[in-house]
Amino acid sequence: MSRGGRHIHAAISVLAAGALVLTGCSEGGSKTGNDKNDKEQQENAQRQQSSIPFGDAKDSEGPAPEVPGAKSGGTISVLARDSYGHLDPGQIYVQDEMAVSQLIHRGLTGYKATSGDGKKHEIVGDLATDPGTTTDGGKTWKYTLKDGIKWEDGSPITSKDVRHSVERLFAPFINQGPPYLQQWLADTPGADYRKLLKDGPYKGKHLPDSLLETPDDKTVVFKFKTARPDLPYALAMAGYAIVPQKLDTKAKYDKDPVAAGPYKIQEFKSGKSMTLVRNENWDPKTDPLRHQYVDRFDITFNHQYEQSTKAMLADNGKDKTAVSFSNAVDAGNLSKVLNDPGLKDRTVTGYQPYVGQMNINLSHPELKDIKIRQAIAYALPVTPFVRAYGGTDAMEVAGGILSPTVSGYNAAFDPWGKKKKPAGDPEKAKQLLQEAGKTGMKLTFGYINTPEGQQYSTAMAAGLEKAGFDVQRQEIPAETYYDQVSALDNNYDIFHTAWGADWPSASTVIPPLYDGRAIAEGAQNYSQVNDPKINSEIDRISKITDPAKAAAEWGKLNEYIVKDVVNVVPTAYYKQVQIAGSKIGGLVYDDVISGVDPRRLYVK
């Protein structure tokens with residue numbers, strides 16, 4: 001998913017930028033000197049590599065376990081930087097939209113926290129009675145819907161809604177969400193899955209019962225030609241939440257969805273605010289994941305990280321009951337927050353699954369010359385990126401495209417020397433650019449128009465110019481950033497994105513980002529790379545059933561992509577530090593959500 005969302009999924013910045021410099025150090029930025037925090041983060045990353053187990057029918061029953069000390073009532077203010085570009089589940093694939101979807105949408109399965117600290121989880125049935133049953137190794141999966149599940153208007157949720165929700169994913173207007181289920185049903189990689197049901201269900205055609213069967217209102221059966229043992233993980237994603245057949249408004253649904261979760265949208269003013277109120281037709285007895293402690297969530301947008309941090313540190317008035325689902329502590333206040341014992345109960349930290357990467361747009365003819373791409377890789381400084389966001393408490397210089405939270409990660413891999421020279425190697429880059437005969441070559445650098453993006457892009461551009469590039473920065477609005485960089489005909493030569501594994505497997509990183517058959521409007525192959533070896537290796541490794549062997553092979557493919565194809569330059573592995581007001585209860589960093597868990601919050 002894209003950062004901004006696991007998958008999970010919006011903006012790519014983590015912490016607000018402070019002063020930027022180009023001179024590097026061996027660790028890629030300033031340290032706060034807190035070794036204890038660093039050790040905890042490394043342990044956190046290792047923990048997230050573990051597979052999440054499947055629960056059973058009993059685990060899938062509601063209500064969700066009570067949060068100690070929780071009380072009902074009150075209003076929570078949510079301070080957000082970016083407005084939500086997408087609210088249609090099929091379009092959700094960035095972190096901030098995924099976070100709010102936990103309150104309004106429901107799917108067949110979900111991640112249930114089995115500890116009060118957000119560190120342990122299991123996959124359970126959400127709308128379904130269990131995480132799914134299979135008797136043939138994952139080719140056939142059966143789900144039975146729970147009794148008493150309803151939409152916000154009181155109408156029952158049935159298998160017809162599930163079928164419709166799956167079939168609409170094939171429609172052309174759904175182009176931002178995850179592709180796994182569609183590809184598995186079509187038994188094909190890349191974007192060819194759309195041929196299976198070209199217009200979705202909107203012209204009267206449907207998936208055959210040989211792929212998706214709904215024999216009655218309670219039963220859903222998925223049938224795959226190839227075993228798909230990860231289906232319960234995929235169905236737990238926000239992108240596969242359910243949409244009501246009778247209330248689907250197609251493209252308009254993206255701004256006005258119907259709730260199945262504990263909260264519904266009372267009002268949404270794009271770019272300004274959103275109000276969530278209790279959904280009276282949500283039954284906690286059917287929901288093992290969510291609570292409905294709060295009366296109301298008042299979400300306001302355009303709060304930069306420095307602003308939201310200062311508001312919650314001041315802890316005055318309604319800021320005492322303020323939180324942010326995605327905003328992190330800004331760089332200027334990071335050390336203070338992490339080292340003040342008095343703020344410990346109001347602070348959460350965690351390692352995120354995201355890896356930042358500078359994409360090189362291979363649809364542009366001049367960038368097909370590998371020497372130019374190598375020059376970009378050597379020249380690009382990552383010091384501005386890491387240091388701007390608070391140093392090593394906020395980020396870690398990346399060598400590859402697999403996060404420390406994903407099996408197959410190799411800490412020693414660093415082909416472009418970023419861990420040793422995070423400020424870049426302009427002399428090496430200059431030599432390559434001269435050999436290519438492209439000294440003075442123009443590069444259009446698309447950057448997110450936030451204070452963070454303004455500052456790190458300026459410093460990164462300066463580093464590239466030292467190598468002989470002529471860099472032209474072009475701003476992109478934060479709300480539509482991923483929409484614009486995923487457009488096939490965008491004019492950006494380079495642009496930064498961040499991606500996190502949808503579950504702890506590189507199979508949710510490499511195929512969606514680098515499969516050449518997945519190049520499509522709105523898809524996540526941002527660099528538009530189409531390399532025969534990458535494509536064939538994706539097919540080969542996807543068939544390996546031993547998780548350890550598969551992880552090792554994904555790790556090798558990661559190294560081939562970064563070192564030999566050079567369609568992206570890894571920048572940083574992400575961490576997250578968030579703070580809340582003193583009257584916020586139930587505050588936990590959840591590994592799966594990659595931030596504050598909004599489902600358990602209450603007002604003290």
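Up top you'll find the structure we're talking about.
Residues numbered from 1 in each chain as written. Predicted model: local features only at pLDDT ≥ 70, side-chain atom pairs only at ≥ 80, totals over all residues. Heavy atoms only, no water.

Enquirer: Quick rundown of the packing of helix H8 (residues 370-379) against helix H10 (residues 426-435)? Include the residues and the values.
Expert: Where H8 contacts H10, the two axes come as close as 8 Å, and the packing angle between them is 165°. Of the possible angle classes, the one that applies to H8 and H10 is roughly antiparallel. The element H8 and its partner H10 pack so that their crossing is left-handed. Taken together, the residues of H10 that come into contact with H8 (itself represented by Lys371, Ile372, Gln374, Ala375, Tyr378 and Ala379) are Lys428, Ala429, Leu432, Leu433 and Glu435. Along the lines of polarity and charge, the residues of the contact of H8 with H10 split into 7 nonpolar, 1 polar and 3 charged. (Axes fitted to C-alpha atoms, helices over the stretch in contact; angles between N-to-C directions. Helix = DSSP H or I, 4+ residues; strand = E, 2+ residues; numbered from the N terminus. Parallel < 35°, antiparallel > 145°, perpendicular 65-115°, else oblique. Left-handed = near helix turned anticlockwise from the far one by under 90°. Contact = heavy atoms within 4.5 Å. Nonpolar A, V, L, I, M, F, W, Y, C, P; charged D, E, K, R; others polar.)

Enquirer: I'd love a proper account of the pairing of strand S6 (residues 219-223), names of residues and values included.
Expert: Buried residues dominate S6, accounting for 4 of its 5 residues. By the bridge criterion, 5 bridges tie strand S4 (residues 140-144) to S6 in an arrangement that is antiparallel. Looking across to S6, one finds that tryptophan 141 is bridged to phenylalanine 222. As paired strands, strand S5 (residues 212-213) and S6 are joined by 2 bridges and run antiparallel to one another. Looking across to S6, one finds that glutamate 213 is bridged to valine 221. The antiparallel hairpin formed by S5 and S6 contains 5 residues in its connecting segment. (Buried < 20%, exposed > 50% of the residue type's maximum accessible area, 1.4 Å probe, protein only. Pairing = 2+ DSSP bridges.)

Enquirer: Please give an account of the packing of aromatic side chains that cites residues and values.
Expert: Taken as a whole and assessed by the stated rule, the structure comprises 23 aromatic pairs. Between tyrosine 143 and phenylalanine 222 the ring centres are 6.1 Å apart and the planes differ by 80°, which places this aromatic pair in the edge-to-face class. Of this pair, tyrosine 143 sits in strand S4 while phenylalanine 222 sits in strand S6; the two residues are 79 residues apart in sequence, bridging distant segments of the chain. Among the residues examined, phenylalanine 222 registers a relative accessible area of 1% and is labelled buried. Ring centres of phenylalanine 268 and phenylalanine 301 lie 6.3 Å apart, and the angle between their planes is 80°; on these two criteria the pair is classed as edge-to-face. Linking phenylalanine 268 in strand S7 (residues 263-269) with phenylalanine 301 in the loop between strand S9 (296-300) and helix H6 (305-314), this pair joins segments that are 33 residues apart in sequence. Looking at phenylalanine 301, the relative accessible area reads 5%, which means it is buried. Through successive ring pairs, a cluster of aromatic residues spans Phe54, Tyr143, Tyr180, Trp184, Phe222, Phe224, Tyr233 and Trp503. (Phe/Tyr/Trp six-rings, centres within 6.5 Å; stacked < 30°, edge-to-face > 60°.)

Enquirer: Help me get a handle on H8, residues and values and all.
Expert: Burial analysis of H8 places 7 of its 10 residues in the buried class, which makes it a mostly covered element. Here H8 has its buried residues at Ile372, Arg373, Gln374, Ala375, Ile376, Ala377 and Ala379. The backbone nitrogen of lysine 371 lies 2.9 Å from a side-chain oxygen of the residue at the head of H8, namely aspartate 369. (Polar contact = N/O pair within 3.5 Å; in protein donor to acceptor, adjacent residues only side chain to side chain.)

Enquirer: Describe helix H15 (residues 547-565), naming the residues involved and giving the relevant values.
Expert: Relative to the 27 Å expected for 19 residues at 1.5 Å per residue, H15 spans 25 Å between its end C-alpha atoms, a close match to the ideal helical length. For H15, the set of buried residues is Ala550, Ala551, Glu553, Trp554, Gly555, Leu557, Asn558, Tyr560, Ile561, Val562 and Val565. Where H15 is buried, its residues touch H8, helix H13 (510-514), helix H14 (532-542) and strand S16 (568-579). (Expected span 1.5 Å × (residues − 1).)

Enquirer: So what's going on with the nonpolar core? Which residues, and what values?
Expert: In this structure, Phe222 and Phe469 are the most contacted members of the largest nonpolar core, which totals 130 residues. Element by element, the count of residues in this core is highest for H15, at 7 residues. Excluding its chain neighbours within four sequence positions, the residues that come into contact with phenylalanine 469 are Ile372, Ala375, Ile376, Leu433, Met441, Leu443 and Leu464. Judged by nonpolar contacts, the second largest core, of 32 residues, contains Val67, Tyr263, Ile299 and Phe301. (Core = buried A, V, L, I, M, F, W, Y, C linked by side-chain atoms within 4.5 Å.)

Enquirer: Talk me through the sheet that holds S4; I want residue IDs and the actual numbers.
Expert: Here 3 strands make up an open sheet; going across it, the order is S4-S6-S5 and the pairing antiparallel. Both outer strands of the open sheet, S4 and S5, are each paired with one neighbouring strand and no more. Sheet contacts for helix H3 (residues 159-167): S5 and S6; angle to S6, the most-contacted strand, approximately 30°.

Enquirer: Report on the packing of H6 against helix H7 (residues 331-339), specifying residues and quantitative values.
Expert: How two helices pack is summed up by the angle between their axes together with the distance between the axes. At a minimum axis distance of 10 Å, the contact between H6 and H7 shows a crossing angle of 35°. Read as a crossing pair, H6 and H7 show a hand that is left-handed. In this structure, H6 uses Thr309, Lys310 and Leu313 to contact H7, whose residues at the interface are Asn333, Lys336 and Val337. Classifying every residue of the contact of H6 with H7 gives 2 nonpolar, 2 polar and 2 charged.

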